Amino acid sequence: MGKVFSHSKSLRNISTHYCAGCGHGIAHRLIAEVVDELNIREQVIAVAPVGCAVIAYDYWDFDCSEAAHGRALAVATAIKRVRPQNIVFTYQGDGDLAAIGTNETIHAANRGENLTVIFINNAVYGMTGGQMAPTTLLGQKTATTPQGRKPEEGYPLKISEMLALLAGVKYIERTALSSPQEVMKTKKAIRQAFQNQIDHVGFSLVEILSPCPTYWAMPPRQALDWINNVMAKEFPLGRIK
Amino acid sequence: MKRILMTGNEAMAEGAIQAGCRFYAGYPITPQNEIPAYMAGHMPQAGGVFIQAESELAAINMVFGAAACGARAMTSSSSPGISLKQEGISYMAGAELPAVIVDVMRGGPGLGNIWPAQSDYFQATRSGGHGDYHCIVLAPSFVQEAYDFMPAAFDLADKYRNPVIILGDGMLGQTMEPLHVTTSPRHHVTRQNKKWALTGCKGRTPNIVKSFYMKEGDLEKVNLLLQKKYKTIKIREQRYEGLFLDDAKVIIVAYGTMARICRAAVERLREKAKKVGLIRPISLWPFPENAFRLVNSRARRRVKFLVAEMSYGQMLEDVRLTLDGQAEVGFLGRSGGGIPSEEEIISKIKKL
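Rules of the game
Residues numbered from 1 in each chain as written. Chains lettered and ligands numbered in written order. Predicted model: local features only at pLDDT ≥ 70, side-chain atom pairs only at ≥ 80, totals over all residues. Heavy atoms only, no water. Helix = DSSP H or I, 4+ residues; strand = E, 2+ residues; numbered from the N terminus. Rg over C-alpha atoms; globule rule 2.2 N^0.38 Å. Buried < 20%, exposed > 50% of the residue type's maximum accessible area, 1.4 Å probe, protein only. Areas by Shrake-Rupley, 256 points an atom, 1.4 Å probe, with all protein chains shown as cover. Lys, Arg positive; Asp, Glu negative; His and termini not counted. Charge placed at Lys NZ, Arg CZ, Asp CG, Glu CD. Contact = heavy atoms within 4.5 Å. Axes fitted to C-alpha atoms, helices over the stretch in contact; angles between N-to-C directions. Parallel < 35°, antiparallel > 145°, perpendicular 65-115°, else oblique. Left-handed = near helix turned anticlockwise from the far one by under 90°. Pairing = 2+ DSSP bridges. Salt bridge = Lys/Arg side-chain N within 4 Å of Asp/Glu carboxyl O. Nonpolar A, V, L, I, M, F, W, Y, C, P; charged D, E, K, R; others polar. Patch = residues over 30% accessible without salt bridge, like charges linked within 9 Å, V, L, I, M, F, W, Y side chains within 5 Å. Domains from an automatic or database assignment. Buried area = accessible area lost by both parts, 1.4 Å probe. Polar contact = N/O pair within 3.5 Å; in protein donor to acceptor, adjacent residues only side chain to side chain. Phe/Tyr/Trp six-rings, centres within 6.5 Å; stacked < 30°, edge-to-face > 60°. Lys NZ or Arg CZ within 6 Å of the ring centre and 35° of its normal.

Participant: Any chance you could explain the overall build of chain A here in plain terms?
Facilitator: Counting its secondary structure elements, chain A contains eight helices and nine strands. A compact globule built from 241 residues would reach a C-alpha radius of gyration of about 18 Å, and chain A, at 17 Å, matches this within 12%. Buried residues in chain A amount to 59% of all 241 residues. Of the roughly 9400 Å² of accessible surface on chain A, a fraction of 55% belongs to carbon and sulfur atoms. Measuring between centres, the 24 positive side-chain charges of chain A sit 4 Å from its 21 negative side-chain charges.

Structure (structure tokens):
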């Protein structure tokens, strides 16, 4: 029988540091598969965030830069402008992209930089111990909202909907890692966001609702249900722009 | 070679382009606005990239990105803006990325004012951001130097894979003087030598640009390598100008705009046969200790020093550390818009 499946070339064959049930591993792999399928591994330059995925460059097998917390899209802007022939993407969490880096995010989008953004929304700061994120739901308990997030602590920030208002933004889709079906839709959206860059379409972002069982204090299976039943009500899935 | 009239700010911008700088990102702040304006006008013609960034933070991190893929990259700002850039400069020092940062200093602290000052000497010469690192710091004194130092700055940045700061002030930036410029590009981007740069991993293993080392012991090893590099720079890259050091009984120590005024004072005193000299540090880090050793070897104990600054005793510390109590050191400093005049310097010297 012939070989029907093999490990992605763009992913090193090592274990990750992520918690059980975390979505980062799946998202990394989807990106690696898309990069392989589009045959762009040798052109890719990734920008890793500060957050749980800070050492994403240890897992991917292509060129990668670190960026200071929140500054990934400033770093990526310059990389793409200096080397337009390369395929440049950022991988950022909710704190990185929608709190400390909001300014860089909005302005890179508004300039219509021809970049691909993979935005992992897990409604919490994971690396630092489960604090409130800009996307934390109302009532959600975190290390810094022990009674659950109240409106005076801010509403869940819908950065994708905000970015969709900007003329420079060409593609935004929100997906989830909550079931095999949603994972396949996520891969399709990631592929679209990379294809857009190859086709010089412009700023493309995929927001991925991703489970964090550790800081949601749930078993992994329940975390997937929580995405479908609770989180996706606040952050509706589908094409935003 | 042709002769043109330019401000110090424009001279630095043109010097950078001549040095092969092909990426500039900046944010408006007085008194350095002529630099981004010049870059906006001339960088596209040179085939480079100009970006007006949304913030000082974005600008310095764009420089990080451009440097990471091997381009000669630069930003410029003035004191409050340079404070905002410190995070990015620390990351570049940690990731060993070469870049040039021009700081056209103004009065502080806080929003201060837009008048010339030298009160960010500590910020530039000590690690201005977090962590044990140093930027190489060069201080031009007049417009021709503002132009001439740019290729040297980019060369030093590339040679040591380290950020280089050009430390000027509002006076240098705004002064217009005749300038000799080269008509053929002196330097070219040497991207092919930067094997560490991010270019896509075609035909090689992937490159990673980072300053993050979590495994026990790794960061300490990296820091020791950085310290080794800084030691080499301290030995090899001290730069200064000495004036009348052979017979001077009083030596003024001043840099940048302050040195220009001190030079005029020294020349006036020499006309009256007063034995006054000048040490003008050109590299502020590494501090030119060699200039003082030279004087020391010729009976430093009888020589008095006067440190003059447009700040309140910052470079004074480096002079005292260098002399280590072996000579008397006087001080004259004003800041916040006030600049010590020739007369003030001369009267201070008479009182020493």
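Participant: Would you take a moment to explain the overall build of chain B for this structure?
Facilitator: Within chain B one finds 12 helices and 15 strands. The C-alpha atoms of chain B give a radius of gyration of 20 Å, which matches the 20 Å a tight globule of 352 residues would have. With the C-alpha coordinates aligned to their principal axes, the bounding extent of chain B is approximately 70 × 50 × 40 Å. A burial count over chain B gives 59% of its 352 residues as buried. Put simply, 78% of the contacts in chain B that link residues at least 6 apart link residues at least 24 apart. Carbon and sulfur atoms form 52% of the exposed surface of chain B, whose accessible area is close to 14100 Å². Charge separation in chain B, taken as the distance between the mean sites of 44 positive and 34 negative side-chain charges, equals 5 Å.

Participant: Help me understand the packing of helix α1 (residues 8-18) of chain B against helix α2 (residues 34-42) of chain B in this model?
Facilitator: Any two packed helices are characterised by how steeply their axes cross, that is the angle between the axes, and by the distance between the axes. All names here are of chain B. Relative orientation of the contacting elements α1 and α2 amounts to 40°, with a least axis distance of 8 Å. On the basis of their axis angle, the class for α1 and α2 is oblique. You can see that α1 and α2 cross each other, and the crossing is right-handed. Between α1 and α2, the residues in contact are N9, E10, M12, A13, E14, A16 and I17 and E34, I35, Y38, M39 and H42, respectively.

Participant: Can you walk me through the sheet that holds strand β8 (residues 203-209) of chain A in this structure?
Facilitator: Hydrogen bonds between backbone atoms are what pair the strands of a sheet, whose relative direction is either parallel or antiparallel. What the eight strands build is an open sheet, ordered β9(A)-β7(A)-β8(A)-β4(A)-β3(A)-β1(A)-β2(A)-β9(B); its pairing is mixed. Of all strands in the sheet, those bounded by a partner on one side alone are β9 (238-239) of chain A together with β9 (208-209) of chain B. Bridge count between strand β1 (residues 44-47) of chain A and strand β2 (residues 63-65) of chain A: three bridges; the pairing is parallel. In the strand pairing of β2(A), A:V47 is matched with A:S65.

Participant: Explain the environment of A:K158 here, please?
Facilitator: Residues and elements named next belong to chain A. Its place among the elements puts K158 in the loop between β6 (131-132) and α5 (159-164). Owing to a relative accessible area of 27%, K158 belongs among the partly exposed residues under this scheme. When the C-alpha atoms of K158 and A48 are compared, they prove to be 22 Å apart, with 110 residues separating the residues in sequence. Excluding residues within four positions of it along the chain, K158 makes contact with E234 and F235.

Participant: Is there a simple way to explain the interface of chain B and chain A in this structure?
Facilitator: Interface extent is often summarised as the accessible area lost during association of the parts. Counting residues at the interface gives 34 residues for chain B, matched by 33 residues for chain A. Taken together, the links from chain B to chain A amount to three salt bridges. Linking A:R71 and B:E87 is a salt bridge whose minimum nitrogen-to-oxygen distance equals 3.4 Å. Elements that contribute at least two residues to the side of chain B that touches chain A include exactly β3 (49-52), α3 (56-68), α4 (79-95) and β9 of chain B. For the side of chain B that touches chain A, the leading source of residues is α3(B), giving eight residues. In terms of residue class, the side of chain B that touches chain A is made up of 20 nonpolar, eight polar and six charged. In this sheet, β9(B) lies alongside β2(A) in parallel orientation, the contact comprising two bridges. Each bridged residue has a counterpart across the sheet, and for A:C64 the counterpart in β9(B) is B:I208.

Participant: How should a nonpolar patch on the surface be read in this particular structure?
Facilitator: Residues and elements named next belong to chain A. Taken together, the side chains of M1, V4 and F5 present a nonpolar region at the surface, about 480 Å² in accessible area. Along the polypeptide, V4 turns up in the segment before α1 (24-37). Here V4 falls in the exposed class, since its relative accessible area comes to 72%.

Participant: Would you explain the domain arrangement of chain B in this entry?
Facilitator: Residues and elements named next belong to chain B. The domains assigned to chain B are domain 1 (2-201 + 223-236) and domain 2 (241-351). With centres defined by C-alpha atoms, the gap from domain 1 to domain 2 works out at 27 Å. Considering only the surface of domain 1 that becomes buried against domain 2, Q118, Y121 and S141 emerge as the three largest contributors, covering 29% of it. Inspection of the region where domain 1 meets domain 2 yields three salt bridges. Put simply, R280 and E145 hold a salt bridge, and the shortest N to O gap is 2.6 Å. For the pair domain 1 and domain 2, the interface holds 17 residue pairs in polar contact (both at pLDDT 80 or more). Elements represented by at least two residues in the side of domain 1 that touches domain 2 include exactly α5 (121-125), β6 (136-138), α6 (143-160), β7 (163-169), α7 (170-174) and α8 (218-236). Among the residues forming the side of domain 1 that touches domain 2, the class breakdown is 19 nonpolar, six polar and six charged.

Participant: I tried to follow the packing of aromatic side chains on my own but got confused; where do I start?
Facilitator: How two aromatic rings sit relative to each other is given by the distance of their centres and the angle of their planes. Taken as a whole and assessed by the stated rule, the structure comprises 13 aromatic pairs over all chains. Pairing A:W216 with A:W226 gives two aromatic rings, centres 4.6 Å apart and planes at 55°, and the pair type is tilted. Of this pair, A:W216 sits in helix α7 (residues 213-216) while A:W226 sits in helix α8 (residues 220-234), placing them 10 residues apart in sequence. Owing to a relative accessible area of 8%, A:W216 belongs among the buried residues under this scheme. A:W226 gets classed as buried once you look at its relative accessible area, which sits at 16%. Ring centres of B:F292 and B:F305 lie 5.6 Å apart, and the angle between their planes is 35°; this geometry places the pair in the tilted category. Of the two residues, B:F292 sits in helix α10 (residues 289-296) while B:F305 sits in strand β14 (residues 304-309), which places them 13 residues apart along the sequence. Comparing B:F292 with B:F305 shows no difference in burial state: the two are buried. These aromatic residues form a ring-pair network of at least three members: A:W60, A:F62, A:F89, A:Y91 and A:F194. Positioned over the ring face of A:F235 is A:K158, at 6.0 Å from the centre of the ring.

Participant: Would you explain the sheet that holds β3(B) in this entry?
Facilitator: Residue and element names in this part refer to chain B. One open sheet accounts for seven strands, arranged β3-β2-β4-β5-β7-β6-β13; its pairing is mixed. Looking at which strands have only one partner, the edges of the open sheet turn out to be β3 and β13 (283-285). Pairs of neighbouring strands in the sheet enclose a mean axial angle of 20°, with direction left out of account. Sitting on the sheet, α2 is in contact with β2 (23-26), β3, β4 (73-77) and β5 (99-105), with an inclination near 145° to β4.

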